[in-house]
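# Chains, contacts and geometry: an overview
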Amino acid sequence: PSDLTAKGLVVTENVPTGLTYVGSTPHAQVQNKALTWILGDLAGGQSRQIEMTFQATQPAVVNSCSTVRSSDGASAQDCAVTTITQPSVELTLVGPPQSTVGEEITFVANITNRGSQAVGNLTLVDRFEPGLRHEQAGTGPIENRDLGTLAPGETRRVNVGLRVIQPGRWCNIMELTGDNGVRT
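Parameters at a glance
- Residues numbered from 1 in each chain as written.
- Predicted model: local features only at pLDDT ≥ 70, side-chain atom pairs only at ≥ 80, totals over all residues.
- Heavy atoms only, no water.
- Salt bridge = Lys/Arg side-chain N within 4 Å of Asp/Glu carboxyl O.
- Buried < 20%, exposed > 50% of the residue type's maximum accessible area, 1.4 Å probe, protein only.
- Helix = DSSP H or I, 4+ residues; strand = E, 2+ residues; numbered from the N terminus.
- Phe/Tyr/Trp six-rings, centres within 6.5 Å; stacked < 30°, edge-to-face > 60°.
- 1 Å grid on protein atoms, 1.4 Å probe; cavity = no way out; pocket = protein on both sides within 12 Å on 5 of 7 lines; lining within 4 Å.
- Points joined across faces, edges and corners; volume = space filled by probe spheres on them.
- Nonpolar A, V, L, I, M, F, W, Y, C, P; charged D, E, K, R; others polar.

Let us look at the pattern of salt bridges. Applying the stated criterion across every chain yields a total of three salt bridges. Between R156 and E154 there is a salt bridge, with the nearest N and O atoms lying 3.1 Å from each other. Exposure remark for R156: the relative accessible area of 22% places this residue in the partly exposed category. The partly exposed category is assigned to E154, whose relative accessible area is 29%.

Laid out in structure tokens, this is it:
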């Protein structure tokens, strides 16, 4: 650290590909993808922090570099590398093609994490039409079946037994949600 004052400091950053600028503290001047902060003078031994918030728009390895320049021409640059992954969870549901009234049928849901990162807080909601009945839930949906965390490549199997209570063509619809926007 120096005891000299750095005069007329300006920090610049170009928004990296794959990110959208959301905001910063202090606020930046924004022109297209160029961000600028005019910090003014900074006494020797002092520091200032800029917090930037971005939203990822695609999986990528992002190299974010900020440059600071003083009015006398001195400059410095520092970069941060961040790997952005995209969760990819697959839900398949298999059930019998036909059944008879009064019969207990089983639907099998296979949930597979096809992504490269674990996906947490997975919750399965099972909605079925009025011609089907669940032993505990009746004709209402089976809510909040907590599946926890699924590691990359891991598959979890969930069996759901329903009784056919009316003739007709009935659907069973499952919805899976989880961290980082997972929704199927």
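Leave glycine aside and you will find that most residues have negative phi; peptide bonds, for their part, are mostly trans. Backbone torsion omega between T25 and P26 reads -5°, so that peptide bond is classified as cis. Even without being glycine, N32 reaches a positive phi, approximately 55°. Tracing the sequence through the fold places N32 in the loop between β3 (29-31) and β4 (34-42). Look at N121: it is not a glycine, yet its phi comes out positive at around 55°. Looking at the element boundaries, N121 is found in strand β10 (residues 119-128). For N121, a relative accessible area of 51% puts it in the exposed group.

Right, let's get into the packing of aromatic side chains. Evaluation of the coordinates by the stated rule reveals one aromatic pair. Seen from their ring centres, Y21 and F54 are 6.0 Å apart, and the 65° between their planes marks the pair as edge-to-face. One end of the pair, Y21, is in strand β2 (residues 19-25); the other, F54, is in strand β5 (residues 51-56), with 33 residues separating them in the sequence.

In this section: the layout of surface pockets. Of the volumes computed, that of the largest pocket is approximately 480 Å³. If you trace the largest pocket, you find 28 residues lining it, with L9, V11, L42, V68 and A76 closest to the centre. Elements represented by at least two residues in the lining of the largest pocket include exactly β1 (6-14), β4, β6 (60-69) and β7 (75-84). Among the residues making up the lining of the largest pocket, the classes are represented as 13 nonpolar, ten polar and five charged. Each pocket or cavity is described by its volume, and for the second largest pocket that value is around 420 Å³. Around the second largest pocket sit 19 residues that line it, and P96, P97, Q98, G168 and W170 are the ones nearest its centre. Of the residues belonging to the lining of the second largest pocket, the class tally is eleven nonpolar, seven polar and one charged.

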